[in-house]
Amino acid sequence: MRGASRMNANASHSDGLGAGAAAALSSMLVHLPFRADCHSPRPMPRFRFHDELNDLLRPDLRDCIFEWPCAERATAKHAIEALGVPHTEVGRVLVDGHPAGLGHLLRETDSLEVFPAAPSDLAADAPPPRFLADGDGRIVLSRDRGLLEHRRVTHGRYVRARDTDGQLREVVARFGLRERARPFTRCLECNGLLRDAGRDEVADRLPPRVASEQSGFTLCTGCGRVYWPGSHWRRLRAVVDAVLGEGRERAAPDLCG
Ligand SMILES: [Zn+2]
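Trainee: Mind showing me how you'd approach the overall build of the protein here?
Mentor: Broken down by element type, the protein carries nine helices and 10 strands. Considering the protein as a whole, with its 257 residues, one finds that 18% of them fall into the buried category.

Now the structure itself:
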């Protein structure tokens with residue numbers, strides 16, 4: 001069956017599932033009542049998700065048109081999130097080819113096309129990116145889909161990567177931060193701005209060996225924490241260089257203790 005063979009391909013390449021898991025999914029597909037290629041007793045809304053939104057769907061629903069049963073008076077938001085796609089991921093919804101909002105009440109005959117939010121969607125009506133969820137329109141980065149489905153979250157990103165380096169690369173690329181990043185200019189403790197400081201100014205807060213070996217320091221203008229380019233800084237520097245590019249001009253002191 002066409003759907004089953006495509007699903008196996010997804011399972012082995014995209015999801016890294018073993019042969020046993022892929023076989024289990026394949027056997028489940030046979031019993032799915034809502035596939036477009038199966039007979040259904042009454043009409044159901046049809047869905048087609050585009051581009052990267054497919055990452056969030058069950059493997060057998062990716063890159064195809066499928067039918068999905070919806071509760072009475074369900075909105076497009078309800079249905080899209082029930083399928084695993086937080087509303088923050090969605091840019092545009094077309095119903096029967098016409099633009100519609102997430103609050104659109106679904107009818108059995110609707111045919112929905114769902115497109116991902118583009119970075120330009122954020123730029124149009126959002127303040128500059130800030131990454132704390134404090135309810136004032138900041139961007140929530142999370143791998144918790146339930147959190148992103150919360151109505152108060154107006155802008156968010158379901159982070160696909162599972163490892164921290166990959167997550168950093170993904171966020172930098174997604175939000176175009178490569179040129180805007182100012183690494184090592186904020187305090188790790190309180191997020192205050194750092195400023196250069198002389199050894200004399202901070203000597204009373206330094207371990208003796210650091211005081212004798214280091215000459216460059218930065219001081220947090222918020223909490224007074226002192227930073228210097230030690231081994232931890234070198235490890236972070238390597239990560240930052242790999243993500244932002246080594247040739248990038250450094251716009252700020254490169255210090256961190
Ligand atoms: Zn601080």
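So much for the structure itself; the text now carries on.
Trainee: Would you take a moment to explain the environment of A242 for this structure?
Mentor: Among the secondary structure elements, A242 is positioned in helix 9 (residues 231-244). Assessed through the 12 C-beta atoms surrounding it within 10 Å, A242 is described here as exposed. Taking the C-alpha atoms as reference, A242 lies 9.0 Å from R169; in sequence the two are 73 residues apart.

Trainee: In this structure, what is going on with the sheet that holds strand 2 (residues 66-67)? I would like to understand it.
Mentor: Remark on secondary structure: sheet strands pair via backbone hydrogen bonds, oriented parallel or antiparallel. Pairing within the open sheet is mixed, and its five strands lie in the order 2-1-5-3-4. Of all the strands in the sheet, the pair left with one neighbour each is strand 2 and strand 4 (98-100). Sheet topology note: the strand 1 (residues 46-49)/strand 5 (residues 111-116) ladder contains four bridges and is parallel. Looking at strand 5, one finds that R48 is bridged to E113.

Trainee: Whenever I open this one, the sheet that holds strand 8 (residues 194-197) confuses me. Can you help?
Mentor: Read across the open sheet, the three strands follow the order 8-9-10; overall the sheet is antiparallel. Of all the strands in the sheet, just strand 8 and strand 10 (226-227) have a single pairing partner and so form its edges. Examined bridge by bridge, strand 8 and strand 9 (residues 217-220) share four bridges and lie antiparallel to one another. Within strand 9, the position partnered with A197 by the bridge is F217.

Trainee: What is the right way to read the pairing of strand 9 from this model?
Mentor: A regular strand places its side chains so that they alternate between the two faces of the sheet. The alternating pattern of strand 9 places F217 and L219 and T218 and C220 on opposite faces, both of which are buried. The sheet contact formed by strand 9 and strand 10 spans two bridges and is antiparallel. Across the sheet, T218 pairs through a bridge with Y227, a residue of strand 10. The hairpin formed by strand 9 and strand 10 contains five residues between the paired strands, and G224 there has a positive phi angle of roughly 85 degrees.

Trainee: Quick question: what am I supposed to make of the nonpolar core here?
Mentor: General note: in soluble globular proteins, nonpolar side chains tend to be found buried as a group. With 14 residues, the main nonpolar core has F47, F49, A76, A79, I80, V85 and V114 as its most contacted residues. Within the residue set of this core, elements represented by two or more residues are strand 1, helix 3 (76-82) and strand 5. Here the element with the most residues in this core is helix 3; it accounts for three residues. Apart from the residues lying within four places of it in its own chain, the contact partners of F47 are F66, W68, L83, L112 and V114. Listed in part, the eight residues of the second largest apolar core include L194, F217, Y227 and W228.

Trainee: For this particular structure, what's the right way to read unusual backbone geometry?
Mentor: Peptide bonds are mostly trans, and most non-glycine residues show a negative phi. In the Ramachandran plot, D51 falls in the positive-phi region, its phi being about 50 degrees despite a non-glycine side chain. Inspection of the secondary structure puts D51 in the loop between strand 1 and strand 2.

Rules of the game
Residues numbered from 1 in each chain as written. Predicted model: local features only at pLDDT ≥ 70, side-chain atom pairs only at ≥ 80, totals over all residues. Helix = DSSP H or I, 4+ residues; strand = E, 2+ residues; numbered from the N terminus. Buried ≥ 20, exposed ≤ 12 C-beta atoms within 10 Å, placed from the backbone. Pairing = 2+ DSSP bridges. Core = buried A, V, L, I, M, F, W, Y, C linked by C-beta atoms within 7 Å. Contact = placed C-beta atoms within 7 Å.

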